[in-house]
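So you can see what is in the structure, the chains are spelled out below.
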Amino acid sequence: MSTIIAGHFQLQDDVERARRALVDAGFPGERISGFYLSQPGQHDLTPIGGDHLHSPGARESPLGVAEGAGAGAAVGIVAGALTAPVTGPLGPVVGGLVGAHVGSLFSFSKMKEAGEHERGGEDAPLENRPAGMLVAVAFDDPVLEQRAVDLLRDLGAHHIERAKGNIVDGDWADFDPCSAPDLIH
């Protein structure tokens, strides 16, 4: 694996200018990659599109709804049984169904508030990469790192990051758009 320095640009023309400047500075053209990075959540990494099969913000929802429905059904059955002399044999059944519905709705009130951290969301990246054009250059000599950073910065790159990986024939083969970037300040 090589060291990779990558920087974000706003325009396709900036990518071509950066690619030429990196080649002029002695970096091999086949170890330079330029591509568009989609918005977080839209990287089409799964068969159904997106970045994850399940929404990270909805992990606890099915369990919460099931717990609420179960508790509501139990309370509804008891209430229906107590009213059976008036409502007849359907009282416990109707009470259970109404209780399950009300209990599942009540479970929504227990879900996280806006801005509250999600339980179980430890695998979510701390900082997302911004969408836009990305230029990356790979090299094996650690002396070249500062030269690559300075060159990208001089060309107007922002969100410059360091990574380990492989760029082969202009393609960053092992790029993971969901990984947290190691930003260089």
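Structure first, text after, so check above.
Residues numbered from 1 in each chain as written. Predicted model: local features only at pLDDT ≥ 70, side-chain atom pairs only at ≥ 80, totals over all residues. Heavy atoms only, no water.

1. Topic: the nonpolar core
Applicable threshold: Nine residue types can take part in a nonpolar core, namely buried Ala, Val, Leu, Ile, Met, Phe, Trp, Tyr and Cys, and a core is a set of them joined through side-chain atoms within 4.5 Å. Note on exposure labels: buried denotes an accessible area under 20% of the residue type's maximum, exposed denotes more than 50%, and partly exposed covers the range between, all computed with a 1.4 Å probe on protein chains only.
Ranked by size, the top nonpolar core spans 21 residues in total, and within it I5, F9, L22, F27, V135, V137 and L152 carry the most contacts. Counting residues in each nonpolar core, the second largest holds ten residues, with A6, L37, L134 and W172 among its members.

2. Section: the sheet that holds strand β4 (residues 158–165)
Let me state the cut-off plainly: When DSSP finds two or more bridges between two strands, those strands count as paired. Secondary structure elements are taken from DSSP: a helix is a run of H or I of four residues or more, a strand is a run of E of two residues or more, and numbering for both begins at the N terminus.
Strands sit in the order β2-β3-β1-β4-β7 across an open sheet of five strands; the sheet is antiparallel. Bordering the open sheet on either side are β2 (32–37) and β7 (182–183), each of which pairs with just one other strand. Inspection of the sheet shows strand β1 (residues 2–9) paired to strand β3 (residues 132–139) by seven bridges, in the antiparallel sense. Following the sheet pairing, T3 is matched in β3 by F139.

3. Concerning the environment of E67
As for its placement among the helices and strands, E67 is situated in helix α2 (residues 61–82). Through-space distance from the C-alpha of E67 to that of A100 is 9.5 Å; in sequence the pair is 33 residues apart.

4. Some thoughts on the pattern of salt bridges
The line we're drawing: Criterion for a salt bridge: a side-chain nitrogen of Lys or Arg within 4 Å of a carboxyl oxygen of Asp or Glu.
Per the stated rule, a full pass over the model turns up six salt bridges. Ionic pairing is found between R31 and D140, a salt bridge with its closest N-O pair at 3.4 Å. Of this pair, R31 sits in the loop between α1 (12–24) and β2 while D140 sits in the loop between β3 and α5 (144–154), and the two are 109 residues apart along the sequence. With a relative accessible area of 56%, D140 lands in the exposed category. Between E161 and R129 there is a salt bridge, and its shortest N-O distance comes to 2.8 Å. Within this pair, whereas E161 is found in strand β4, its partner R129 is found in the loop between α4 (91–108) and β3, the two being separated by 32 residues in sequence. Put simply, E145, R162 and D182 are held in one network by salt bridges that share partners.

Without other data, these values stay purely geometric and don't point to any function.
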